[in-house]
Amino acid sequence: MTTTSSMLPSYNHHSTHQSPFSSAFKSSVHRTSVLTRSSNAQDPSSNGSLLVKDKPSFPGKPEADVIVIGSGIGGLCCAGLLARYQQDVIVLESHDLPGGAAHSFDIKGYKFDSGPSLFSGLQSRGPQANPLAQVLDALGESLPCVNYDSWMVYVPEGEFLSHIGPTQFFKDLEKYAGHKAVQEWKKLLDTILPLSSAAMALPPLSIRGDLGVISTAAARYAPSLLKSFVQMGPRGAFGATKLLRPFSEIVDSLELKDPFVRNWVDLLAFLLAGVKSNGILSAEMIYMFAEWYKPGSSLEYPCHGSGAVVDALVRGLQKFGGRISLRSHVEKIVIKHDRATGVKLRSGQFVRARKAVVSNASMWDTLNLLPKEVLPQPYLDRINKMPQCESFLHLHLGFDSDGIDDALGIHHIVVNDWDRGVDADQNVVLISVPSVLSPDLAPPGKHVLHAYTPGTEPYKLWEGLDRRSIKYKQLKAERSEVLWKAVERALGSGFSREKCEVKLVGTPLTHQRFLRRNRGTYGPAIQAGKDTFPGHSTPIPQLYCCGDSTFPGIGVPAVAASGSIVANSLVSVSQHSQLLDAIGI
């Protein structure tokens, strides 16, 4: 989800003609209009990773100004903007599809989202636009979307259709939580919505990682920031000082006691960033509230699936002369004279970087691409000790729509037990049925479905298991039962497991194996107020990182912002300012 869940930034994956979540079937991907691929053989290695033959030759000259490792959304945003800045940039992707966890894959005529599915702000423009929307605007790419305003919620108190916007949710609260909850929710909105002008005062695309930010952001937008503080008055301005503090501090300061309100806030925070309200920055939550609970708010789903987001970024990259090379697995980052000078591919090919190497891999996986002796021990210790979110369970289904309610909505959230906490394993299940809005994702008369537990599946339950073993298959059946039950609850009696034409279960080992995610993790479990996400520069000159383990953190908007910050930092302040002028922010 763009403003909520399953926003795994995606990285230089192990290559295969099968999707990360489709190991039981051959994938018949129909995206060759954007990129071309050649056939590729694969054999399972003894440690569960994939040994894949890379492409026999590298497209074009094996050098660029900037090399980007991995084609996740963060990497593609970085590369696309660099191409827009007239830099010679190449993206090296180990998988045979771009997009990482945001890619889509086809099986038997069903087109599945592998990760993000709940989006908002994709069509917004201007200074307060979603970071991904600002990048698409800079690349001159539009993204047709279907708009909708509700999702189905199944909680211990009951089930209801939750609407975004300023008024409808009050009715849901009145019915399922009572008048006190309504009063507290109104108190919360009245406090934080005025703060949104301050939270959104600096366009994400204006940020860079050096002192040039004084010109591109601080000086450029100081008048609008000052105006927002004046409009808020003394009390609001004081509240704005909490933007970089945990959101729970705002909730506590308002003395909100209603259990449903506090649980709902925790759920929204967890879906947004993988932590509860005591671990998320207030600025992130307020930005989300502004997108969801102001007049005229709507959710968006990209026509033709979440893969359309990736396709738009790739088109923008190529439009400005950037290159992307699939099945180009980076074996190591080459350090020469204490600087990052390029990368070595698994094929043995050396690709030279004239200016910089940018890793869109997680910080943990980036360390594995580097000689340990080149990094200071304090830096190594910080990365290795950084806490991790847990992993995922996925269920992808293709089934007949006969017997399914015609009014079925796209999104469903199931919370089994508030007392266990939204971050407890097997407790929260998210379900997306995107074919209800984009019918081309499934054959006629069929539906495509993706259900998952959002970063709560313990890796330790799966660690060391042989994927071909009976024990592994039994554990998959046992642990995926919570997904099946949630799907049955959401789809009703007209749904039958036996009638599913496609059934795929993905585990933490699937994430680790195909997405090259350390321990299959969702990302860093950084708690606001206690620690901060690492920056984008590294102790090695000319080596940068972007993605979910760098500032500002987990989530599609966050990784888009991180990629933008790195790209902006690699060009002059003049070039950066000219781009801001060109897109009117």
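Anything mentioned here points back to the structure above.
What you are looking at is a predicted structure, and each value in this text was computed from that prediction instead of being measured.

Engineer: Just to check I follow, could you spell out the overall build of the chain for this structure?
Structural biologist: A tally of helices and strands in the chain yields 17 helices and 20 strands. Put simply, the chain has 585 residues, and 62% of those count as buried.

Engineer: Would you mind going over the pattern of salt bridges with me for this structure?
Structural biologist: Pairing of side chains with opposite charge becomes possible as their charged atoms draw close. Within this structure, the stated rule accounts for 24 salt bridges. Note that Arg323 is salt-bridged to Asp88, the shortest N-O span being 3.8 Å. One end of the pair, Arg323, is in strand β11 (residues 323-325); the other, Asp88, is in the loop between α1 (73-84) and β4 (89-92), with 235 residues separating them in the sequence. Judged by relative accessible area, which is 21%, Arg323 ranks as partly exposed. Residue Lys446 pairs with Asp400 through a salt bridge whose shortest N-O separation is 3.3 Å. With a gap of 46 residues between them, Lys446 in strand β18 (residues 446-457) and Asp400 in strand β15 (residues 391-400) connect regions that are remote in the sequence. On the basis of relative accessible area, Asp400 is assigned to the partly exposed category, the value being 32%.

Engineer: Would you explain the packing of α1 against helix α16 (residues 556-569) in this entry?
Structural biologist: Packed helix pairs are characterised by how far apart their axes lie and by the angle those axes make with each other. The interhelical angle for the contact between α1 and α16, taken along N-to-C directions, is 35°, at an axis separation of 7 Å. Considering only the axes of α1 and α16, their crossing is right-handed. For the pair α1 and α16, contact is made by Ile73, Gly74, Cys77, Cys78, Leu81 and Leu82 and by Val556, Val559, Ala560, Gly563, Ser564, Val566 and Ala567, respectively. Among the residues forming the contact of α1 with α16, the class breakdown is 10 nonpolar, 3 polar and no charged.

Engineer: Which parts of the structure should I look at to understand α1?
Structural biologist: Owing to its 3.6 residues per turn, the α-helix aligns residues three or four sequence positions apart on the same side. When the terminal C-alpha atoms of α1 are compared, their 16 Å separation across 12 residues agrees well with the 16 Å that a helix rising 1.5 Å per residue should span. In terms of burial, α1 is a largely internal element, 11 of the 12 residues being buried. Every buried residue of α1 is listed here: Ile73, Gly74, Gly75, Leu76, Cys77, Cys78, Ala79, Gly80, Leu81, Leu82 and Ala83.

Engineer: Would you mind going over the pairing of strand β9 (residues 158-163) with me for this structure?
Structural biologist: On any regular strand, side chains alternate: one points to one face of the sheet, the next to the other face. Of the pairings in the sheet, the one linking strand β8 (residues 150-155) to β9 comprises 6 bridges and is antiparallel in character. Looking at the pairing, Val155 lines up with Gly158 of β9. From the end of β8 to the start of β9, which pair antiparallel, there are 2 residues.

Engineer: I'm lost on the side chain of Ser248 in this one. Help?
Structural biologist: Note that Ser248 resides in helix α7 (residues 247-253). Judged by relative accessible area, which is 10%, Ser248 ranks as buried. What Ser248 contacts, discounting residues up to four positions off in sequence, is Ser277 and Asn278.

Engineer: Please clarify how the nonpolar core should be interpreted in this entry.
Structural biologist: Among soluble globular proteins, nonpolar side chains are generally buried collectively. Grouped together as the largest cluster of nonpolar side chains are 67 residues, with contacts concentrated most on Trp185, Phe247, Trp264, Leu268, Met285 and Phe289. The residues touching Phe247, leaving out its near neighbours within four places in the chain, are Leu188, Ile192, Val265, Ser277, Ile280, Leu281, Ser282, Met285, Ile286 and Phe289. In this structure, Leu139, Ile324, Val556 and Val566 belong to the second largest nonpolar core, which totals 48 residues.

Engineer: Would you mind showing me how to read the packing of aromatic side chains here?
Structural biologist: The relative placement of two aromatic rings is captured by the distance of their centres and the angle of their planes. Applying the stated criterion to the full structure yields 20 aromatic pairs. On the numbers, 4.9 Å between centres and 25° between planes, the contact of Phe160 with Tyr176 is stacked. With a gap of 16 residues between them, Phe160 in strand β9 and Tyr176 in helix α3 (residues 168-176) connect regions that are remote in the sequence. The buried category is assigned to Phe160, whose relative accessible area is 4%.

Engineer: Would you mind going over the environment of Val433 with me for this structure?
Structural biologist: Tracing the backbone shows Val433 in the loop between β17 (428-432) and β18. In this structure Val433 comes out as buried when scored by relative accessible area, which is 0%. Val433 sits 35 residues away from Gly398 along the chain, and the two C-alpha atoms are 9.9 Å apart. What Val433 contacts, discounting residues up to four positions off in sequence, is Leu408, Gly409, Ile410, His412, His447, Val448 and Leu449.

Engineer: Explanation requested: α3 in the structure shown.
Structural biologist: Every buried residue of α3 is listed here: Phe169, Phe170, Asp172 and Leu173. Each buried residue of α3 sits inside an arc of 160° when the element is viewed along its axis, so together they form one side. For α3, the exposed residues lying more than 90 degrees away from the buried face are Lys171 and Lys175. As for α3, its buried residues are in contact with β9, α4 (179-192) and α8 (259-273).

Engineer: Help me out: how do you make sense of the pairing of strand β12 (residues 330-336) in this one?
Structural biologist: Examined bridge by bridge, β12 and strand β13 (residues 339-345) share 6 bridges and lie antiparallel to one another. In the sheet register, Lys332 faces β13, and the bridge partner there is Lys344.

Engineer: Please explain the sheet that holds β18 as it appears in this structure.
Structural biologist: Pairing between the strands of a sheet is mediated by backbone hydrogen bonds and can be parallel or antiparallel. As summarised here, the arrangement of the 7 strands in space is β9-β8-β16-β17-β18-β15-β19, forming an open sheet in which the pairing is mixed. Each edge of the open sheet is held by one strand with a lone partner, namely β9 and β19 (502-506). Neighbour-to-neighbour, the strand axes of the sheet open up by a mean angle of 15°, direction not taken into account. Summarising the sheet, β8 and strand β16 (residues 411-415) pair through 3 bridges and their orientation is parallel. Pairing of Tyr154 across the sheet is with Val414, part of β16.

Engineer: Please clarify how unusual backbone geometry should be interpreted in this entry.
Structural biologist: Peptide bonds are, in most cases, trans, and in most cases residues other than glycine have a negative phi. Cis rather than trans, the peptide bond between Phe551 and Pro552 has omega equal to 5°. Within the secondary structure, Pro552 is located in the loop between β20 (543-545) and α16.

The rules behind the values
Residues numbered from 1 in each chain as written. Predicted model: local features only at pLDDT ≥ 70, side-chain atom pairs only at ≥ 80, totals over all residues. Heavy atoms only, no water. Helix = DSSP H or I, 4+ residues; strand = E, 2+ residues; numbered from the N terminus. Buried < 20%, exposed > 50% of the residue type's maximum accessible area, 1.4 Å probe, protein only. Salt bridge = Lys/Arg side-chain N within 4 Å of Asp/Glu carboxyl O. Axes fitted to C-alpha atoms, helices over the stretch in contact; angles between N-to-C directions. Left-handed = near helix turned anticlockwise from the far one by under 90°. Contact = heavy atoms within 4.5 Å. Nonpolar A, V, L, I, M, F, W, Y, C, P; charged D, E, K, R; others polar. Expected span 1.5 Å × (residues − 1). Pairing = 2+ DSSP bridges. Core = buried A, V, L, I, M, F, W, Y, C linked by side-chain atoms within 4.5 Å. Phe/Tyr/Trp six-rings, centres within 6.5 Å; stacked < 30°, edge-to-face > 60°. Arc of directions from axis to C-beta.

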